[in-house]
Every structure is written in C-alpha cells, then in structure tokens.
Amino acid sequence: MGIIELRGCLDNELIEICRELGLKQFRGLQLFQWVQQKAVLSWDEIKNISKDDLQTLSSRLHLYSLEQVQEQRSKDGTRKYLFRLEDGEMIECVLMDYSRTQSRDRHTVCVSTQVGCAVGCAFCATGIEGFRRNLSAAEIVGQVLDITHLIRQEDPDFQVTNIVFMGMGEPLLNYDSVLKAIKLLNHEQGQAIGMRRMTISTCGVVPRMLQLAKDNPQVGLAVSLHAAQDEIRNQLVPMNRRYPLALLMETCHEYSRMTHRRITFEVALTAENTRREEAEDLARLLKGQLGHVNLIPINPVEGTGMKRPDPEKIKRFAQVLENAGISVSSREERGTDINAACGQLRRQWEG
Ligand code: SAH
Ligand code: SF4
C-alpha cells in the first residue's frame, strides 16, 4: 500500500484508512478536522490523538506543508507568496485582504492549479514558461491551509472566505484534482467555504466546461475571453484554435442553461485592443448571454511587448458595453506594485 497525501483526503477516506489500520473510526474525522479546519502543518500539532495512533497513521499518510520562499506585501494589503513544493518546483499564491471597512471581512485566496501552463497565452508569464506538471488536490488545498496557518499567527480568528482558481495553470486541464480540492475546501468540517464563493477561471476548455456544469453547477465560472474576433483571440489565447469563439459562446449558453449561473467574462485590455470597434464586437458577441464582463488592464510582463492602455480608453470601452446593456466592472487593481500577475514572481525568482 502506497503513502497517501493527507491534505488531499476526504473524511470518509480517512475513516476508511483508520478502519484498515485497526484504529477507531472516529479518529478519521478528528484527523480531518485537524488538517482541514485547524490547518496544522505537522503531526506534532495534533493534540487529541495518541502518539502511538499518530505513528500508525503516518505509516500510510504523508503530511507536508509548502515551503515559503518569499512573501511580498503590497501597499493595498495584498500579499503574494512564492512556495516551493516537495520536488523543488515553485508556485505562486495571492491573498487579497479586504479591509473591514470596505467589505465585511472578505479574504480571497488566488490559488495555482498547475506548475506552469501548456496553453501559452501571449501576455501571461506562466504561459511563457511552459508546462511542468499538475498539482495534486493536496497541493492546491495546501496553499489555502498554509496561508491560513500563517495569518492565524497574527490574527487567530482569520478565515479564508473566497477562492479564485486564477493563479498559475489552467484549472480545467487538471480537472479531477481541482474538483477534489473544491470538495475539500467546501467541507463543513474543514474550511467550509461556500461553493458560490469559489470561482474557476478557464481559457475555454469547452468539453470540461460542460462536464463542470454536470459535476458541480454551484461553483462559479469565469471565462478568459480577451477578444471577440477569432483572428485576435487565436493570437492571445492559443486554445482558441481548438475551440473557436462560436463554439465557446455556444458552450457558455449551454452552461448557463444547465446551471442558471451567470458567467464572468474576463477581458484583459492592452494598449492595442481597447478600441471602440473591439468593444462593439464584444457587445455583439455577448448579446443575449447571461454574463458579466470584468475588464482587467494588462499587467505588463517582460518580453511580451504588451502595454497597459490609458485609463480613459478603458472607461470609453466600458461605456460602449454598458450602452449595449451589458453588466460590466473594472477589476480593482491589486498588488500591481508586487508583480501580482500570475507567474511573474516565479519568473523573477528563477530568471
Ligand atoms: N488559466 C486560467 C486561469 C489562470 S489565469 C485562465 O486563463 O483563465 C487568470 C486570469 O489572469 C486570466 O483571465 C488570464 O487571462 C489573466 N492574466 C494572465 N496574465 C495576465 C497579465 N499579465 N495581465 C492581466 N491579466 C493576466
Ligand atoms: Fe495558462 Fe491562463 Fe496563463 Fe493562458 S492565461 S497561459 S491559460 S495560466
């Protein structure tokens, strides 16, 4: 029997392991709570299970925490972490801390789902570096648990309230681990984060979007659209060559029909793609779609040649969409002073 990652186990899996090891089955739930709710980093921190039982459990279960390589704090409260995994690979993770006065204690963690990414979007630091490997469910959940543990040292009542799968990697290309991580984070004996407080962001992996609508219609979905014309989107998001806009939009309609959920469409704006015609094309593409547009000024990544648009252009772009009756917001810019765009920190470190 192989060793299993403890942080990736659901309560019923731990109960089963306890049974196999000849331990009392309620130890399974106790262990689950220590790991997923109290976010312990090591076996020594577990108090109500005997040393002998812990020894037996550790013969089957592996508990490890991510090694923090770097923490950067932005002026706006955003904290960005660079973590080293057991095999030496590095991932990034961001905590966006909203102050109590702005919104009631919202603490959002942006997690990575892969080391690198195979999609290769033109503006993305993660894409430029290529794909290395998928993260396990334990490694995905581990980002939330380790950040929780860290912040609780300053603020014992700290609780993550929202998760966005918008860090490094394409979540729908690591489907099983992402869905398992969501189940773990949602568990009421764990972090108990509501399904509707978690959002998967995808570049448009069409078959997996439909699968998600069946497997988990509660979790939020964001689609990285970025352009409303195939020729432009082919350049920005190479996945578009496989699943072009007409098919992607048809899938979005189907997704909304199946889930009754509003999709968030992310549109990264550069100095080149923020013209009136582009806004009009986008308005036409989204007509009749249950959705919301989130405009994100591009975070310039060295070597991509992409520049930020002038804020006036973003306002005019938003106005065209609003005039067409489309709900639109501009993403609050967070952590721009700490290279918060995905993959930028790892690149700086390794480069
Ligand atoms: N792979 C998924 C999720 C991770 S990327 C996806 O592509 O949706 C999360 C979001 O960050 C995406 O909308 C992506 O297009 C955007 N992004 C990546 N690099 C960026 C940059 N340099 N500036 C602004 N947004 C960026
Ligand atoms: Fe991958 Fe998303 Fe970056 Fe594109 S934007 S390369 S899909 S992580």
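That block above? That's the structure.
First things first, this report covers the structure right here in the doc. Since this is a predicted model, take the numbers as computed values, not measurements. (Residues numbered from 1 in each chain as written. Chains lettered and ligands numbered in written order. Predicted model: local features only at pLDDT ≥ 70, side-chain atom pairs only at ≥ 80, totals over all residues. Heavy atoms only, no water.)

### A word on the site of ligand 1
Around ligand 1, the structure places 18 residues, and the nearest of them are Gly-169, Ser-201, Ser-224, His-226 and Asn-299. Here His-226 contributes a side-chain N or O atom positioned 2.6 Å from an oxygen atom of ligand 1. The protein chains hide 93% of the 530 Å² of surface that ligand 1 would expose on its own. A class-by-class count of the residues in the shell around ligand 1 yields 9 nonpolar, 7 polar and 2 charged. (Near = heavy atom within 4 Å. Polar contact = N/O pair within 3.5 Å; in protein donor to acceptor, adjacent residues only side chain to side chain. Areas by Shrake-Rupley, 256 points an atom, 1.4 Å probe, with all protein chains shown as cover. Nonpolar A, V, L, I, M, F, W, Y, C, P; charged D, E, K, R; others polar.)

### Here's the deal with the pattern of salt bridges
Inspection of the entire model under this criterion finds 20 salt bridges. The closest approach of N and O atoms between Arg-84 and Glu-67, which form a salt bridge, is 3.0 Å. On the criterion of sequence distance, the pair formed by Arg-84 in strand S4 (residues 79–84) and Glu-67 in strand S3 (residues 67–73) is long-range, its members being 17 residues apart. The partly exposed category is assigned to Arg-84, whose relative accessible area is 27%. For the salt bridge of Lys-315 with Glu-312, the shortest nitrogen-to-oxygen distance reads 3.5 Å. Of the two residues, Lys-315 and Glu-312 are both situated in helix H11 (residues 311–323); the distance of 3 residues between them amounts to about one turn of the helix. (Salt bridge = Lys/Arg side-chain N within 4 Å of Asp/Glu carboxyl O. Helix = DSSP H or I, 4+ residues; strand = E, 2+ residues; numbered from the N terminus. Buried < 20%, exposed > 50% of the residue type's maximum accessible area, 1.4 Å probe, protein only.)

### Re the sheet that holds strand S13 (residues 291–297)
Strands sit in the order S3-S4-S5-S6-S9-S10-S11-S12-S13-S14 across an open sheet of 10 strands; the sheet is mixed. Strands with a single pairing partner mark the edges of an open sheet, and in this sheet they are S3 and strand S14 (328–330). The mean angle between the axes of side-by-side strands here comes to 20°, regardless of whether they run parallel or antiparallel. As judged from the 6 bridges shared by S3 and S4, these two strands associate in the antiparallel manner. When the sheet's bridge partners are listed, Glu-71 is paired in S4 with Tyr-81. (Pairing = 2+ DSSP bridges. Axes fitted to C-alpha atoms, helices over the stretch in contact; angles between N-to-C directions.)

### Considering empty space enclosed by the protein
A full pass over the atoms with the stated rule returns 2 cavities of 30 Å³ or more. If you trace the largest cavity, you find it lined by His-226, Ala-227, Ala-228, Gln-229, Ile-232, Val-267, Leu-269, Asn-273, Glu-278, Asp-281, Leu-282 and Phe-317. Contributions of two or more residues to the lining of the largest cavity are made by strand S12 (263–269) and helix H10 (276–285). A per-element tally of the lining of the largest cavity places H10 first, with 3 residues. Grouping the amino acids of the lining of the largest cavity by side-chain chemistry returns 7 nonpolar, 3 polar and 2 charged. By volume, the second largest cavity is sized at about 40 Å³. In terms of lining, the second largest cavity is formed by Glu-5, Leu-6, Arg-7, His-62, Leu-63, Tyr-64, Ala-138 and Glu-139. Broken down by class, the residue content of the lining of the second largest cavity amounts to 4 nonpolar, 1 polar and 3 charged. (1 Å grid on protein atoms, 1.4 Å probe; cavity = no way out; pocket = protein on both sides within 12 Å on 5 of 7 lines; lining within 4 Å. Points joined across faces, edges and corners; volume = space filled by probe spheres on them.)

### Points about the packing of helix H7 (residues 206–215) against helix H9 (residues 245–259)
Contact pair H7 / H9: the axes reach a minimum separation of 9 Å and the direction vectors enclose 5°. Looking at the two axes, H7 sits roughly parallel to H9. Listed contacts from H9 to Val-206, Met-209, Leu-210, Ala-213 and Lys-214 of H7 are Leu-247, Leu-248, Thr-251, Cys-252, Glu-254, Tyr-255, Met-258 and Thr-259. Split by residue class, the contact of H7 with H9 holds 9 nonpolar, 2 polar and 2 charged. (Parallel < 35°, antiparallel > 145°, perpendicular 65-115°, else oblique. Contact = heavy atoms within 4.5 Å.)

### Things to note about helix H1 (residues 11–20)
Along H1, the positions that sit buried rather than exposed are Asp-11, Leu-14, Ile-17 and Cys-18. End-on view of H1: buried residues confined to an arc of 120°, all on one side of the axis. Check the buried side of H1 and you find it contacts strand S1 (4–5), helix H2 (26–37), helix H3 (51–58) and strand S2 (61–62). Just past H1, the residue Gly-22 takes up positive phi, approximately 75°. (Arc of directions from axis to C-beta.)

### Focus: the site of ligand 2
Taken together, Cys-117, Val-119, Gly-120, Cys-121, Cys-124, Gly-127, Gly-169 and Cys-203 make up all the residues around ligand 2. Its residues assigned to classes, the shell around ligand 2 comprises 5 nonpolar, 3 polar and no charged.

### Quick notes on unusual backbone geometry
Despite not being glycine, Ala-39 has its phi angle at roughly 55°, a positive value. Summarising the element assignment, Ala-39 is placed in the loop between H2 and H3. Exposure remark for Ala-39: the relative accessible area of 0% places this residue in the buried category. Despite not being glycine, Ala-192 shows a phi value in the positive range, around 55°. Mapped onto the secondary structure, Ala-192 falls in the loop between helix H6 (175–186) and strand S10 (198–202).

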